[in-house]
Each structure stands twice: as C-alpha cells, then as structure tokens.
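# Examining the three-dimensional arrangement
One-letter residues, chain by chain:
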Amino acid sequence: MALRLIADFDLEKDVLPWLRVQQAASAAAGARGGGPGVLENNYECLRVLNVEQNRNIIYTYKDNKGNVFFGLYDYQTKQNEHLYTFEKDLQVVSCSVNREKTLLATSLVQAAKEGRSNELQPGSKCLTLLVEIHPINNVKVLKAVDSYIWVQFLYPHVESRPQRENHLLLLSEEKYIEQFHIQVVQEDGNRVVIKNSGHLPRERIAEDFVWAQWDMSEQRLYYIDLKKSRSVLKCIQFYADERFNLMFEAPLDISLSDSGFKLVNFGYSDLQDQEELSEHLTLCVFTNHTGSLCVCYSPNFDSWEQITYSVFYFHKGHSKTFTTTLGSVDSRVTKGITFLNLDYYVAVYLPGHFFHLLNIQHPDLICHSLFLTENSEVIDMLPHSPLQSLSGSLVLDSCSGKLYRAFLNQSYLLEFLWNSRLDCERMALLHCVLSCGQDPRRLEAKIIQWISENISACHSFDLIQEFIIASSYWSIYPETSNMDKLLPYSSLLTWDTEIPGITLVTEEIPLPLMKVHSFKGYWEKLNSNLEYVKYSKPHLHYNNSVVRREWHNLISEEKTGKRRSTVYVRNILDNAIKVISNLEAKNLEPRLTPLFQEEDNHQQLLIGLMVSELRDHLLRHLQGVEKKKIEQMVLDYVSKLLDLICQILEASWRKHNLHPWALHFNRQASAAEFAVFHIMTRILEATNTLFLPLPPESVQLFVTPWTVNHQAPLSVEFPKQEYWSFHTLHVILGVRCLPLHNLLHYIDHGVLLLTEAAVTRLMKDLDNTEKNEKLKFSIIMRLPPLTGQKICRLWDHPVSSNIISRNHVKRLLQNYNKQPWSSVMDKSSFSVEFLPLNYFIHILTDIESSNPALYAFEGHDNVDAKFVEEAALKHTSMLLGL
C-alpha cells in the first residue's frame, strides 16, 4: 500500500508471551508452596496506555478480580517489567513514568459496573496518584476531584545522570494545566523516595484551554485557548534545566466550542472516544526538522455527503481548505479523518473513501500533492483502524496495540506511477517517490525507464524537465536548510487544471507571533521560514535568466571578435572543468556512451556561467554556511543536472540495443535510431526551455569505417574511436533519420545545431551522388563563414572549389588599394586575350606577392584555375554592370 507501516512494537507478540511465562512461573511457585497461585489474567483488557519520549511503552491489564496491573516495555532492551498493581477494580484514565523508572503517576476512575460501591475517596470521580516504584513504597494522592485528570512526566534531554527533580504535567477536564516539581532522594542504597511529599511545589502554566497536544519527542505542549471567541494556538517548550518558554501565539480561523474539550497524545484511554470529547472533531499539529509548522483540522461532519478539512501552513503563510464529495453516500462514516505526519508530507485519509498526500514543503501547487478517491485500489489497502500520529514518524494503532514507524512506500508508489493515467497524479507521484531518498541511483534508473515509455503521455508538463529539476533538487536538499527557498523544486510555476474529486480554497493567514528572541534548532528554522514569508517577495528561487543573457553576450562577442578579458573567460571555463571532473569522480561505472571527450566550447561557457551565478546566489542568501561547502554544493548540483541527461541518453541506447559503431551515413536508419533521435530531441527541447546546459563533451562512440558502396568493412580490425558531443550525435542521427526538407527545417529552427565534428564526418563519409551533393551543399550554406571555409577544404568537389575560390578572392580584395596601370602591368609575366580578366589576375598576383605569409592560399588541392577564372569573370561583370 502507499503507506509502509513497520511494526516496532506489538502487544500480542512483545508482551503477551512474557505475561504468560510470568503467570506460569507464579502458578508453579504457588503450587509448590501449597497456595492457590496467580489467578487467570484477563488479557482481553491488555492495552497501551502511553508512549514516553524514549519510546518506552506503558501498558495495563486486569486479572479476573479486576485488579489493575501496570507494565513497561523497554524499547532499547526489548524487555518487559512489572511496574505496579492496584488491587482494586478501577479504570485507568492516564499513566506516565519518569525516565529513571522510579516514579509512576496515574489517574483512575471507578469502573463502570452496576452495584459496585465507590472505591475511590468519597465525593471524587477521578483519583490522581504518585507512586514510588523503586522499590514499591509510598503512594501519594495528587488530586481527588470530580473531573478527569491526565498526567505526563517531562523528559529532560540529559540522560548522563539521574535527575534529582522530576517534573509532572497535570491536565484537568476543568481546562487548566499544572506542573508539579518532585524532588527525590536515595535512601538505603538504591531506594528512591519523594522528598517533602507532603508539599510538592506546583505552578499553573495554562488556563481556559479547549484543546491540547503533547509532542513527546520534542517536549512541547501545544494548546488552544479562546480569547473573545477567537481560537489562539500557543506552544510551550520545556527544557532540561527546568525552564519552559511560551514560544509563539498564532490565531486560528476555526470554530471551537468553549464547552468542547480534546486532548491529543496524552495517553490512550477509552474516554477519548466519548462524545463529550468531540468524537469527530480532529485537530493536530505537525512539525518536522526543516522548520515546518502545520495545523490540520477537520470539523464535526454536518453532512455525510461532503467532507471538509483544512491545513494551516504557518511556515508558508497560508491555509488551504479542501472539500471532497464522498462517492458512497449510503455508507455512514463511522470514523473521523486520520492525519499522519510523514516528514515532508502529511497523509489525510478516510478509510474506504479518499487518500490525500499533502506536500508540506511545497504546498503552493496542488499538483504536487496526491489525491486519490475511492475508485483507486490504493484506498482499499489503507488501514481501517484509527491511527494516532505521535512525534516524528511514529504511529500508534491503539485498537491492536501496535506501534509503527510510518513511511511512504517507495516501491508501491513507483509501481503506481507506471499505472497512473492523470497528469496531476504523475506529477505528485514523481515528487513523492524522489522525496523518499532510498537508493537514488536505482530509483532514477526506474524513473528514466518510465519516462522513456511515456515521453509523450503528459500534456500539462514536460516529463524530462520535471525529472531533471526535481531529482537535482532532492540530491542537494538535505545538505543544508533553506534550500527549498533558493533552488527550483519544479519546472512549473502555475497549475490551472482541476484535480478530479476535490476543490480547494487558499487563503493568507496571520503568521505566528514569536514570543522569544533567541532561537536554536527547530525554532531557528521556523523563525527563518517566517522571516522569509514576511520579507522575501518575490521568491528567491534561482533561475537561469541572468545566465541566458550573459551567455548570449559572450557568444555575440565571440562572433564579432570582441571577447572580453581572458581572465574572466578562463575562470568561467575553469568552472566547467571542475563540474566535469566532479561528475567523472562520482560516476566510475563504464557507459555504453562514455562521456566527456569532444569539446563544445559554448556548452562549457554555459556550465561555467551557471556555476558562477548559482554560487553567487547561494552566497548571498545562505548565511552562516562556509564558502567551501557552498562551492561544493554548486558543483554537485550542476553535475547532477548533466548526469541525469547522460543517464536518460544512456538508458535510451541500452533500451534499443543501439551500438555506437552501427552509426554511419551510408546505411539506412533503424527504428532504434529513430527512437533515440526522438529522445535526444525531447532532451534538447527540455533543456532549451529552462536554459540548462548539455554535456559539453558527451559521447564517445566507436565507429567502424565503411566503404562508400555500402559494403562490409574493408578489413577486420578494432573500431576506430571517435569522440562526439551531444549536438554532434544529435546531428548525425538527424541526418540518418530525417528527409532532407525536414532536416533543413530542424536546422533552420535551431533544433539541430551543426557542429564542426558532425559536418566533417558527413563530408568524409558521404560520396558525391546527386542526393548527397544536394545535402552537403545545403549544409555548407548554413554554416558560419569560418566553419564553412574549413569544411569546404574537406570536400573534393567543384562546388567546394568554387566556394574556396570566391572566399580567397574576397579576402584578397578586402583591403585592396588601386594602383597605377603601369605599376601593375609591368610586373605581368603572362597575359590572356580577355583584357578584364588579364587585369584582374595582375591585381591578385600583386596582392599575393606583396605579403606571401599573410595571403598564402590554403586548401589549393581542391582548387581548379578554371574556377578562379570563372569567379573573376563574374566579379568583373558585376563591377562593369554587364
């Protein structure tokens, strides 16, 4: 199923066998002593009472006389121990034990049995006791009142030495919270007793609250009080040095009744299912290590047809209210909504009806959260028993007595991704799977395989773009906090498509008012998030707009010969070299398409510029992070972008079993080559839109020499190595796969970028048939002038000779100063009958002889004098207007 629940504790497996062994041993001892032994215990009453900060679990059960037994399961040692027994038939409301397991606090009420006299103190409904259990000794009554009481020991984060003072919270149904300070001393060796038990200091820390939640891991108390009918959420942080601080106050736009009352994570009693404790109202606070603060709220159901729930993203400054329609109106909802904390996500579900996986790190776009209705098989696989989310990923099923660690099931979500049909589901699942962070290399390979099968399936977003951006983000995100504000998480900025089955209303909310001025740990991160919401508009996510502008400037300067300082350009190229070295160091596995050999200077400039701009961006906004660490993060991020592109290309080659040496211009393209060309075109489209770099020196191919007439190789020998860039390989595949008019269309619109290596290969491999001549000439005419001149020297053809001649003559005449007739004619050692041509030849000869080194003619092997004559005649006729 979508949720993976790993059982850390099971009453039936971890406690029940031990109890039976203890019972058998006691019975045997009683038989030997002639006594009755231990009475049969009522194990059906075995249930979990509380989970402490160290994950020790307190449970209770009764014998057939109704005597109440308390036991503890030690999470570290996996051992059980008996804590205390009350030889009265009572019902346990709450129970807690201190870290040293020397004190036990509990509150009990009269068991609901007819004809039973009150075994508590007269006039009291609930008895709250403090018991010395090391060894079992005195019992002190803390409260004997006519209202329910809940108890919870505080657990300081210092475990190195026994605590001389313990602190106990008492929460009353009368809506106040007190803290007791309990000093203990050791007597007669290891015996621990309460000091001054007749007068325990206490203080009231909250009043008039209607809801409270305990965070056992972080030792935080959240509660809501009503001020002028307005709900205000508050949080108290308890510290190891006996201090506690009110950390924040946050107004909540929810409707809570002053007569209502609900507690979350203060033990697990049957009382909490009573109507007076708001059976169907669900409200809980979730945090995680990134500084997020979410309040999840579901009101009482007024209708069984529609369910509404809200999530207040305080760390983002807005709330979202979701409304979903239940498909099966006749099936009465007997349980409320379940909210589970899954670190970067919150799961919201109603068994049998819907499942909503909310992205709490990036909640702005609804497409980044997964919503499934009862039509999905996922719904049937969710646990139907009510689950209670504890701190972190801990989840308690109080019905079965099991404690789980809850995770997203990466394997199942990946399988679900393959079968999904909606773009919104694909988007959400892609991010869910990547956030799991388990075995990223294997995960990326599976996602790439899925992308190759569904390359054209998504219409709302580009699969390759989203995968590259999201995977690169998650590769660097754990390195430091605030990266979610500085790096792009998605290729999309907006999402306008409705999600089937759910409607959404987003509202801005007041930010929490921090009540302290010095922050550490989680509070520092939360405060940073709140400061970002207050002051960072527009958002600070990095984009390549500056890189795009600067790259175009550099390319323009290169074309005009006005390149700026060599030091600046050298630093940019050095950045690219560092990225390539970093990538090669991280990827030692051999590839079918080995990387980084043929240089692509333009892509190197783009990589170097991106490194420079991203480094400056992070240095500006990441305060307190070492410059060296930031530089390495930048190298890792840009390397990851390039590596993902290479992985997609490599996977495509392997999938289609395409061998590098099979590529040749004189062979017909195979279906595999068409598929690879299509993938490369989509990669190029994706990177161009986001202005991302491509591997600058990307593909090393092994190419077997072929004869011109399609015969087998001339001799059996090892393939000759050739090194091609991404653009070179793309052009080669384009020439093989596309008709000429399509090929030229792709070139003219920038889809295919002609590289010198690709055109050189084309000129050498193709013979001079009429079709090939047309192709070659069309290609040469589209080359930049300097590259075109170099390529013409490789083509032994009259057309190339003509072009070379024209270029040479043009070059000679560019700086020509007209000379007197006599100075030229006297130097002629030959003449032709056609006087204009005779004069033209004299001019060219004079220019060449004036500076042989400068005007030396290159590539003359492919030049015919007749073509020089033809060029001169045409030039002369133009000058004379003939």
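Residue numbering note: each chain is counted from 1, following its sequence as written. Per-residue local features of the predicted model are confined to residues with pLDDT of at least 70, and side-chain atom pairs are confined, for both listing and counting, to 80 or more; whole-chain, interface and lining totals are unaffected and use all residues. Values shown for side chains rest on all heavy atoms present in the structure; no hydrogens or waters enter the calculation.

## Section: the overall build of the chain
We count a stretch as a helix when DSSP gives it H or I for four or more residues in a row; a strand needs E for two or more, and each element gets its number in order from the N terminus. Looking only at helices and strands, the chain features 22 helices and 33 strands. Throughout, a contact is declared for two residues whenever any of their heavy atoms are within 4.5 Å. For the chain, the proportion of contacts with a sequence separation of at least 24, taken over those separated by at least 6, is 60%. The Shrake-Rupley method, run with a 1.4 Å probe, gives the accessible areas here. Residue values count only the displayed protein chains as cover. Approximately 41,000 Å² of the chain is accessible, and the part contributed by carbon and sulfur atoms is 50%.

## Regarding the environment of Ile468
On the secondary structure map, Ile468 appears in helix 6 (residues 463-476). The spacing of Ile468 and Tyr489 is 21 residues in sequence and 10.0 Å in space, taken between C-alpha atoms. Apart from residues lying up to four places away in sequence, Ile468 is in contact with Leu641, Leu644, Ile645 and Leu692.

## With respect to the sheet that holds strand 31 (residues 513-514)
For two strands to be treated as a pair, DSSP must find no fewer than two bridges joining them. Here 6 strands make up an open sheet; going across it, the order is 18-14-15-16-17-31 and the pairing mixed. With one partner strand each, in any of the chains shown, strand 18 (262-264) and strand 31 form the two edges of the open sheet.

## Remarks on the sheet that holds strand 27 (residues 388-389)
Taken together, the 4 strands give an open sheet; going across it, the order is 1-29-28-27, and neighbouring strands pair in antiparallel fashion. Two strands lie at the open edges of the sheet, namely strand 1 (3-10) and strand 27, each paired on one side alone. Two elements, strand 1 and strand 29 (residues 402-408), share 7 bridges in a ladder whose sense is antiparallel. What sits directly across from Ala7, in strand 29, is Tyr404.

## Quick look at the pairing of strand 19 (residues 282-287)
Buried means the residue's accessible area, taken with a 1.4 Å probe over protein chains only, is under 20% of the maximum for its type, while exposed means over 50%, and partly exposed covers the values in between. With 6 of 6 residues buried, strand 19 lies mostly within the body of the structure. Covered by surrounding structure in strand 19 are Thr282, Cys284 and Phe286 together with Leu283, Val285 and Thr287, the residues of both alternating faces. Bridging between strand 19 and strand 20 (residues 293-298) involves 6 bridges; their strand directions are antiparallel. Residue pairing in the sheet places Thr282 in a bridge with Ser298 of strand 20. With antiparallel pairing between neighbouring strands as the criterion, strand 19 and strand 20 make up a hairpin whose turn holds 5 residues, including Gly291 at a positive phi of roughly 90°.

## A short note on the side chain of Ser452
Here Ser452 shows up in helix 5 (residues 440-453). A polar contact of 2.6 Å, which involves the side chain of Ser452, links it to the backbone oxygen of Gln449. Beyond its immediate sequence surroundings of up to four residues, Ser452 is in contact with Lys655 and Ile679. Polar contact criterion, stated in full: a pair of N or O atoms within 3.5 Å, where within protein one must be able to donate a hydrogen and the other to accept it, and residues adjacent in sequence count only if both atoms are side-chain atoms.

## Considering the pattern of salt bridges
Two side chains carrying opposite charge are able to pair once their charged atoms lie near each other. What makes a salt bridge here is a side-chain nitrogen of Lys or Arg within 4 Å of a carboxyl oxygen of Asp or Glu, nothing more. A full pass over the atoms with the stated rule returns 27 salt bridges. In this structure, Arg405 and Asp8 form a salt bridge, with 2.9 Å as the shortest nitrogen-oxygen distance. With Arg405 in strand 29 and Asp8 in strand 1, this residue pair connects regions lying 397 residues apart in the sequence. Note that Lys655 is salt-bridged to Glu453, the shortest N-O span being 3.3 Å. With Lys655 in helix 12 (residues 627-655) and Glu453 in helix 5, this pair connects stretches of sequence that are 202 residues apart. Put simply, Lys143, Glu178, Arg202, Arg204 and Glu207 are held in one network by salt bridges that share partners.

## Points about the packing of helix 15 (residues 740-748) against helix 17 (residues 770-780)
At a minimum axis distance of 11 Å, the contact between helix 15 and helix 17 shows a crossing angle of 10°. Taken together, helix 15 and helix 17 sit at an angle that is classed as roughly parallel. Residues Leu740, Leu743, Leu744 and Ile747 of helix 15 lie in contact with helix 17, whose contacting residues are Lys774, Leu775, Ser778 and Ile779. All amino acids are sorted into three groups, where Ala, Val, Leu, Ile, Met, Phe, Trp, Tyr, Cys and Pro are nonpolar, Asp, Glu, Lys and Arg are charged, and the leftover types, Gly among them, are polar. Residues belonging to the contact of helix 15 with helix 17 are distributed by class as follows: 6 nonpolar, 1 polar and 1 charged. Fitting a line to C-alpha atoms yields each axis, with helices limited to the stretch in contact; the angle taken between N-to-C directions then spans 0 to 180 degrees. Put simply, angles under 35 degrees are roughly parallel, angles over 145 are roughly antiparallel, angles from 65 to 115 are roughly perpendicular, and the rest are oblique.

## Details of the nonpolar core
Think of a nonpolar core as a cluster: buried Ala, Val, Leu, Ile, Met, Phe, Trp, Tyr and Cys residues, connected wherever their side-chain atoms sit within 4.5 Å. Formed by 156 residues in total, the largest nonpolar core has its most connected members in Tyr309, Phe355 and Ile447. Per element, the largest residue contribution to this core is 13 residues, and it comes from helix 12. Leu19, Ile133, Ile182 and Val192 belong to the second largest nonpolar core, which has 74 residues in total.

## Description of the packing of aromatic side chains
Whether two aromatic rings pair depends on their centres lying within 6.5 Å, for rings of Phe, Tyr and Trp, where Trp uses its six-membered ring; planes under 30 degrees apart make the pair stacked, over 60 edge-to-face, and the rest tilted. Per the counting criterion, the structure on display carries 27 aromatic pairs. On the numbers, 5.5 Å between centres and 70° between planes, the contact of Trp551 with Phe691 is edge-to-face. Pair noted here: Trp551 is in helix 9 (residues 545-560) and Phe691 is in the loop between helix 13 (671-690) and strand 32 (699-703), with a separation of 140 residues, a long-range link. The burial state of Trp551 is the same as that of Phe691; both residues are buried.

## Topic: the packing of helix 3 (residues 410-419) against helix 5
Running from amino to carboxyl end, helix 3 crosses helix 5 at an angle of 10°, the nearest separation of the two axes being 10 Å. The angle between helix 3 and helix 5 falls in the class roughly parallel. Residues Gln410, Leu414, Leu417 and Trp418 of helix 3 pack against Leu443, Lys446, Ile447, Gln449, Trp450 and Glu453 of helix 5.

## A closer look at helix 10 (residues 566-586)
The length a helix should cover is 1.5 Å for every residue beyond the first. Taking 1.5 Å per residue, 21 residues should reach 30 Å; helix 10 reaches 30 Å between its end C-alpha atoms and fits that length. Listed as buried for helix 10 are Val569, Ile572, Asn575, Ala576, Val579, Ile580, Asn582 and Leu583. One side of helix 10 holds all its buried residues, which, seen down the axis, span an arc of 160°. Exposed positions of helix 10 whose direction lies more than 90 degrees from the buried face are Thr566 and Ala585. Residues of helix 10 that are buried sit in contact with helix 9, helix 11 (601-621) and helix 12. Read the arc as the range of directions from the helix axis to the C-beta atoms.

## Topic: unusual backbone geometry
Residues His134 and Pro135 are joined by a peptide bond in cis, for which omega reads -5°. Position of Pro135 relative to the elements: it lies in the loop between strand 7 (126-133) and strand 8 (136-145). The residue Lys175 is not glycine, and still its phi comes out positive at about 75°. With respect to the secondary-structure elements, Lys175 resides in the loop between strand 10 (165-172) and strand 11 (176-187). The exposure class assigned to Lys175 is buried, which follows from its relative accessible area of 16%. Of note in the backbone geometry, Asn265 takes a positive phi value of approximately 65° without being a glycine. Residue position: Asn265 is located in the loop between strand 18 and strand 19. Classification of Asn265 by relative accessible area gives buried; the value is 6%.

## As for the environment of Gln410
Its place among the elements puts Gln410 in helix 3. Taking the C-alpha atoms as reference points, Gln410 and Arg4, separated by 406 residues in sequence, lie 8.5 Å from one another. The residues touching Gln410, leaving out its near neighbours within four places in the chain, are Val433, Cys436, Gly437, Gln438 and Leu443.

## Comments concerning the confidence of the model for the chain
The pLDDT value tells you how sure the predictor is about a given residue, anywhere from 0 up to 100. Confidence along the chain averages 82 in pLDDT terms, with 79% of residues attaining 70 or more. Here strand 32 is the element of the chain with the lowest mean pLDDT, 38, and strand 9 (residues 149-153) is the one with the highest, 96. Under a pLDDT of 50 for its full length, residues 35-39 has, in the predicted model, 9 contacts with residues more than four places off or in other chains. When the criterion is pLDDT under 50, residues 859-863 qualifies, and its contacts beyond four places in sequence or with other chains add up to 12 contacts.

## Some words on the side chain of Asp8
By relative accessible area, Asp8 is classed as buried at 12%. Excluding anything up to four places from it in sequence, Asp8 contacts Asp14, Arg55, Tyr75, Leu394, Leu403, Tyr404 and Arg405.

## Some points on the environment of Thr373
Mapped onto the secondary structure, Thr373 falls in strand 26 (residues 370-373). On the basis of relative accessibility, which here comes to 26%, the residue Thr373 falls in the partly exposed class. In the structure, Thr373 is positioned 47 residues away from Leu326 in sequence and 8.5 Å away in space, judged by C-alpha atoms. Aside from chain neighbours lying at most four places away, what touches Thr373 is His353, Phe354, Ile379, Pro500 and Gly501.

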